[in-house]
Amino acid sequence: MTAETRTVRLGAEQQAAIATRGNLLLRAGAGSGKTEVLARRFVALLAGDHEDRTPLEPVRIAAITFTERAALDMRLRIAQVLNERVLNEPDEERREQLIRAQRLLPLARISTIHGFCARLLRENAFAAKLDPDFAVLDEYESNTFFERVCHAAFVDAVRRQDKAALTLSRTRRMRGSTYQDSAIDRKSTRLNSSHITI
């Protein structure tokens, strides 16, 4: 195995975050070293570096972030730190524990909040009364679904002659003399979705 050695100097607060026992919420600005601190803390938990704590299995630790990219970066950095630790660990028993952790690392819960929740629901689908093969909408699908639901609700409101919907269609200039010129056709009270901007 080859390790990409990175020398990163951590400040006192960062060192404290790595050594803190129990759950930890880490919040800091971009470029402040959050990924490095989380990766080192993760590996410290795997190695049993915290006083009076036995080494943890990777599946017993949750590392959650907001974006897929940040989750990937965190997973890669944890793997690098773990590899560095294995290569530099003088204690044979602890090195074996860390090698086992390397093999189990793909099972670790390193993901976005959406990914974490989806995994939790899939693992407990029967109790949650869900189809375990459900799909999580990505941002594009979510926006498309939202627009479709809003569009359908607006069309329904216009058809019912809802005053607010009619006012919105007037103020947004959604009415015109022909179907092609406007978002709402006066004769059929239908929306032309290619012209609607809400």
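Everything below is about the structure printed above this text.
Here we summarise the structure given alongside this text. (Residues numbered from 1 in each chain as written. Predicted model: local features only at pLDDT ≥ 70, side-chain atom pairs only at ≥ 80, totals over all residues. Heavy atoms only, no water.)

**Some thoughts on the overall build of the chain**
Definition in use: Numbering of helices and strands runs from the N terminus; a helix is a DSSP stretch of H or I covering at least four residues, while a strand is a stretch of E covering at least two. Buried residues are those whose accessible area, probed at 1.4 Å on protein chains only, stays under 20% of the maximum for their type, while exposed residues exceed 50% and partly exposed ones sit between those limits. Contacts are residue-level and defined by heavy atoms, with any inter-residue pair within 4.5 Å sufficient. To measure how exposed things are, a 1.4 Å probe is used in the Shrake-Rupley method; for residues, cover is taken only from the protein chains shown.
Regarding its fold elements, the chain presents eight helices and five strands. Secondary structure elements of the chain occur, N-terminal to C-terminal, as α-α-β-α-α-β-α-α-α-α-β-β-β. Within the chain, buried positions represent 31% of all 198 residues. Contacts in the chain between residues at least 24 apart in sequence constitute 51% of all its contacts with a sequence separation of at least 6. Roughly 13,700 Å² of accessible area belongs to the chain as shown, and the carbon and sulfur atoms make up 53% of that amount.

**Describing the side chain of T65**
Here T65 lies in strand 1 (residues 62–65). If we skip the residues at most four places from it in the chain, T65 touches A70, A71, M74, S111, T112 and I113.

**With respect to the nonpolar core**
Basically, it comes down to this: Put simply, a nonpolar core is a bunch of buried Ala, Val, Leu, Ile, Met, Phe, Trp, Tyr and Cys residues held in one set by side-chain atoms that sit within 4.5 Å of each other.
Counting residues in hydrophobic clusters, the biggest one holds 19 residues, and the most contacted among them are F42, L46, I78, L82, L105 and I110. The set of elements that each furnish at least two residues to this core consists of helix 2 (34–47), helix 3 (68–88) and helix 4 (92–104). Ranked by residues supplied to this core, first place goes to helix 2 with six residues. Setting aside anything within four residues of it in sequence, one finds I110 in contact with F42, A63, A71, M74, R75, I78 and L105.

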